[in-house]
Structures are given as structure tokens and as C-alpha cells.
Amino acid sequence: MTAARPSAVLLLARHGQTVWHAENRYAGVSDIGLTDEGRRQAAQLGEWAARHPVDAIWTSTLTRAIETAEPACWALGLVPRRAYDLRECDFGEVEGRTLAEFAAEHPERAGEYRADPVVHPFPGAEDPRSAAARGTAALRRIADGHPGQRVLVVAHNTLLRLVLCELLSIPLGAYRRVFPQLRNGAVSEVRIGQEGGALFSLNVPCAPDVSP
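What comes next concerns the included structure. (Residues numbered from 1 in each chain as written. Predicted model: local features only at pLDDT ≥ 70, side-chain atom pairs only at ≥ 80, totals over all residues. Heavy atoms only, no water.)

1. Let's talk about the overall build of the chain
Now for step 1: Check the secondary structure of the chain and you find eight helices and six strands.
Now for step 2: When its helices and strands are written in sequence order, the chain yields β-α-α-β-α-β-α-α-α-β-α-α-β-β.
Now for step 3: What you see for the chain is a C-alpha radius of gyration of 17 Å, in line with the 17 Å of a compact globule of 212 residues.
Now for step 4: Within the chain, the proportion of its 212 residues that are buried is 50%.
Now for step 5: Here the analysis covers contacts within the chain between residues at least 6 apart in sequence; of these, 69% occur between residues at least 24 apart.
Now for step 6: For the chain, the exposed surface amounts to about 10200 Å²; the carbon and sulfur share of it is 51%.
Now for step 7: Counting 23 positive and 25 negative side-chain charges, the chain places the averaged centre of each group 3 Å from the other. (Helix = DSSP H or I, 4+ residues; strand = E, 2+ residues; numbered from the N terminus. Rg over C-alpha atoms; globule rule 2.2 N^0.38 Å. Buried < 20%, exposed > 50% of the residue type's maximum accessible area, 1.4 Å probe, protein only. Contact = heavy atoms within 4.5 Å. Areas by Shrake-Rupley, 256 points an atom, 1.4 Å probe, with all protein chains shown as cover. Lys, Arg positive; Asp, Glu negative; His and termini not counted. Charge placed at Lys NZ, Arg CZ, Asp CG, Glu CD.)

This is the structure in C-alpha cells:
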């Protein structure tokens, strides 16, 4: 009987804060850089990686994810690997805008989006089901390539929430309710096996615990 391959531990981190995220604007595939706060969050992720070493680091191809991973790469002497399929969802006509701005012009469409963002995505946006499929496939490839290892994956808020729903057999349309937000720079641990995924922690801050 063949022994089961050891599962990879995937440590999912959302990139640091950007100018658009500070204003609750949808960045999506727009290549927006980090704010000073975002760079501080990236530095904290690097310090966390020094305390909790990983064997590999993967990022999306967007600058905000690459910059967030850099301090962790420096701390551990690792060369980051990049996966195009880890990029954020394309939000179509709402790229660079807030939901409130969209609702002021299209209240009915905004209401439909709030009720079910998968059945009623923004105009011109990527199908969330396709985004969930590509993101999940990317994580499965990473897990398959690193059996028994710890891997830091730096990606994006909406993509990772969709992927978590896909892995945990949660209806995709519930992603905004079940996972209201992945915090910038925080880490969530998942493990992927043949039968699906398991969530071990969510939104764990990277700052060291300074309590007595």
C-alpha cells in the first residue's frame, strides 16, 4: 500500500495596504503600489517569517504582492516564485472606484452585487467562478510541488476568499459574508489534501505578541 504524500502547509497572506485600499477602492488587476503602512505591514510579515521559517515563497505577479513578500525573502534568503493565476480578480468597471460610488450611479446593480456577488458581478468583471477555479488550481499546484513543506503565498483579498470557499465547500456567493475581509499582512493557514482543504487559522497578525 502506497503511503500518502505529506500535505503542504500553505500560509496565505494578503498583500500590504495600498492607496486604493486605504480608501476602499477596488484595485483588482490594476498594479497599485504599497503605502508606507503597507510597507510596514510587509516588514512585519518579514519579521514573522524570520520567527516562523518557510521553505518557499510564492506571490502573484502584481507589484503589491511582490513588494509585500520581499522582506520575508530577504529574511530567509529565498528567491520568490510567481504565479499569474494568483493575481486578483478583475473588477471591470469598478476598478479604482468604491462600492458606494458604483451604488450612487447604479443602485439596483449594487444591490444585486451585495446580495450575490457571484451571480451578479460588476459590469465587465471577471467571472468569480473562473477566478475561484484558477486560484484553487494554483494553490493545488503549489501544494503538490512542496509536499511536507511550509509555503508562504502572498496574494489578494477577493481571490483568496473565493479560494477558501472553494476549498472548504462553502457556496461561492457567500464569500463576502463568511470571510468579510482578509487583513493586510495577516496570515491564514490552510492544508490541501485529496479530499479538499482544511482551514487551521484565519487572519493571524504578524506583529509579535508583546503582552506580559
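2. Some points on the pattern of salt bridges
Now for step 1: Considering all chains together, one arrives at 11 salt bridges under this definition.
Now for step 2: When the shortest N-O distance is used, the salt bridge between Arg87 and Asp85 registers 3.7 Å.
Now for step 3: Take Arg87: its relative accessible area is 16%, and that puts it in the buried class.
Now for step 4: For Asp85, a relative accessible area of 25% corresponds to the partly exposed category. (Salt bridge = Lys/Arg side-chain N within 4 Å of Asp/Glu carboxyl O.)

3. A look at the packing of aromatic side chains
Now for step 1: Per the counting criterion, the structure on display carries five aromatic pairs.
Now for step 2: Centre to centre, the rings of Tyr26 and Phe122 are 5.1 Å apart; their planes meet at 75°, and the pair counts as edge-to-face. Here Tyr26 is found in the loop between helix 1 (19-22) and helix 2 (36-51), whereas its partner Phe122 is found in the loop between helix 5 (107-115) and helix 6 (128-145), with 96 residues between them in sequence.
Now for step 3: Classification of Tyr26 by relative accessible area gives buried; the value is 14%.
Now for step 4: A residue is classified by how much of its surface remains accessible, and Phe122, at 3% relative accessible area, is buried. (Phe/Tyr/Trp six-rings, centres within 6.5 Å; stacked < 30°, edge-to-face > 60°.)

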